[in-house]
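Structure at a glance
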Amino acid sequence: MNAHPSISVVIPTIGRPSLASAVDSALTQSARVLEIIVVADTAEPLTLPTDDRIRVLRTGPGSGGANARQFGIQQATGEVIALLDDDDLWHPYKLERQLAEVSKTDGSSWVVTCKCAVREPGHREKIWPRTLIGERQSVADYLFTLHHFTLGDAILQSSTLCFPRRLAFEVPLNYAPQSIHDEPGWLIELQRKVPDLAIKQVPECFSIYNVSENSVSRRSVDLSEKYIEWGREHLRDATARVRGDYFLFSAVTAAASAQSLRGIRKSVVSGFSEGRPGLPAMVYAAAKFGRTALWQVRAHVD
């Protein structure tokens, strides 16, 4: 790999006030970036720092994050792409440390990530993931197998991802329109199409992930059916344990966020009929079912 590859930072945005801070954190990287491509999925004006490396493109409104990222990558000129969401931040040494991690990797089939600080209003800051992905480990197995009863063991958050630009042409980030899981789905498909793909994960925390109000934990509409459909399509080659854990965790979480007992039941049935969930996933789903049932009883009484 080139010792000093040119870097294009791609930032999709819906015009959040946090955009300027995200761009600042890219501008102040110790590894100089060639350009910062801000892809506006909105028609509203943007507030940005002044720097001739900033380019603004528009895809919106409403085209979606994956389409915005892919459009930005297509217009980029750097050898390496680094993704950053408009409400997240980077440590100044993030890119330098990641490029050092892959400097001895043969070829250009790699993705490098890092740990991130997870910040959510009303919650204590957490450093995730606790467990790093193996260089050749299945992304599906890493992300969707529950080994413990707590969250945070596995995460490949979008603002931590850095990779050669050519990989986004092997498998476009928007290859599956309207996907429930943009980056996980892309990485799973990338492993299918690029057998020699190496995934590196820097063990230090170099990114801040701000959990927004529209995360799955805050949705009021039951989207569990979409999670079930995604699992059937994208985890068809995964192990029975991965499929079972996915339905009993991700699909159940989507149903529970909407207080839908029906959605939880359907997710659990899918998990057992189409997979073989482990004990942690079973305990998790049972707890979500119990809490949701109790909430419905209290709501009916009130």
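Reading guide: rules and limits
Residues numbered from 1 in each chain as written. Predicted model: local features only at pLDDT ≥ 70, side-chain atom pairs only at ≥ 80, totals over all residues. Heavy atoms only, no water. Phe/Tyr/Trp six-rings, centres within 6.5 Å; stacked < 30°, edge-to-face > 60°. Buried < 20%, exposed > 50% of the residue type's maximum accessible area, 1.4 Å probe, protein only. Helix = DSSP H or I, 4+ residues; strand = E, 2+ residues; numbered from the N terminus. Contact = heavy atoms within 4.5 Å. Polar contact = N/O pair within 3.5 Å; in protein donor to acceptor, adjacent residues only side chain to side chain. Expected span 1.5 Å × (residues − 1). Salt bridge = Lys/Arg side-chain N within 4 Å of Asp/Glu carboxyl O. Core = buried A, V, L, I, M, F, W, Y, C linked by side-chain atoms within 4.5 Å.

1. Examining the packing of aromatic side chains
What the rule picks out here adds up to six aromatic pairs. With a centroid separation of 5.9 Å and an interplanar angle of 65 degrees, the aromatic rings of Tyr246 and Phe247 are classed as edge-to-face. Looking at Tyr246, the relative accessible area reads 0%, which means it is buried. Looking at Phe247, the relative accessible area reads 1%, which means it is buried.

2. Focus on the environment of Val112
You can see Val112 is positioned in strand β6 (residues 110-119). Classification of Val112 by relative accessible area gives buried; the value is 0%. Along the primary structure Val112 and Val202 are separated by 90 residues, whereas in three dimensions their C-alpha atoms are 7.4 Å apart. Val112 has contacts with Gln98, Glu101, Val102, Thr160, Leu161, Cys162, Lys200 and Val202, leaving out every residue within four places of it along the chain.

3. As for the side chain of Gln201
Following the sequence through the fold, Gln201 ends up in strand β9 (residues 198-210). Judged by relative accessible area, Gln201 falls into the buried class, the value being 6%. Only 2.7 Å separates the side chain of Gln201 from the backbone nitrogen of Ile133, close enough to count as a polar contact. A polar contact of 3.4 Å, which involves the side chain of Gln201, links it to the backbone oxygen of Ile155. Non-local contacts of Gln201, meaning those with residues more than four positions away in its chain, are made with Thr113, Cys114, Pro129, Thr131, Leu132, Ile133, Tyr142, Ile155 and Leu156.

4. Topic: helix α9 (residues 261-274)
With 14 residues, α9 should cover 20 Å at 1.5 Å per step; its first-to-last C-alpha distance of 20 Å lies within 8% of that length. Next to the buried residues of α9 lie α7 (224-234), α8 (240-257) and α10 (279-301).

5. Focus on the pattern of salt bridges
In the structure shown here, the tally under the stated rule is 19 salt bridges. Residue Asp86 is joined to Arg16 by a salt bridge in which the shortest nitrogen-to-oxygen separation is 2.5 Å. Within this pair, whereas Asp86 is found in the loop between β4 (80-83) and β5 (89-90), its partner Arg16 is found in the loop between β1 (7-13) and α1 (19-27), the two being separated by 70 residues in sequence. Take Asp86: its relative accessible area is 2%, and that puts it in the buried class. Among the salt bridges present, the one from Arg69 reaches Asp85, with a minimum N-O distance of 2.8 Å. Linking Arg69 in helix α2 (residues 65-75) with Asp85 in the loop between β4 and β5, this pair joins segments that are 16 residues apart in sequence. Residue Arg69 is classed as buried on the basis of its relative accessible area, which comes to 7%. If you follow the salt bridges from partner to partner, you end up with Glu189, Arg192, Lys193 and Asp237 in one network.

6. So, the nonpolar core
Membership of the largest hydrophobic core comes to 50 residues, with the highest contact counts inside it found for Phe144, Phe163 and Leu235. Sort the elements by how many residues they give to this core and α8 lands first, with ten residues. In terms of nonpolar packing, the next biggest core, distinct from the first, is built from 28 residues, Val33, Ile54, Leu95 and Val202 among them.

7. Focus: unusual backbone geometry
In this structure, the amide linkage connecting Trp128 to the following residue, Pro129, adopts the cis form with an omega of 0 degrees. For Pro129, the position within the fold is in the loop between β7 (126-128) and α4 (139-144). Even without being a glycine, Gln178 presents a positive backbone phi close to 60 degrees. By the secondary structure assignment, Gln178 is in the loop between α5 (167-170) and α6 (182-193). Assessed through its relative accessible area of 75%, Gln178 is described here as exposed. Of note, the phi angle at Gln259 is positive, near 55 degrees, even though the residue is not glycine. With respect to the element layout, Gln259 can be found in the loop between α8 and α9. Judged by relative accessible area, which is 26%, Gln259 ranks as partly exposed.

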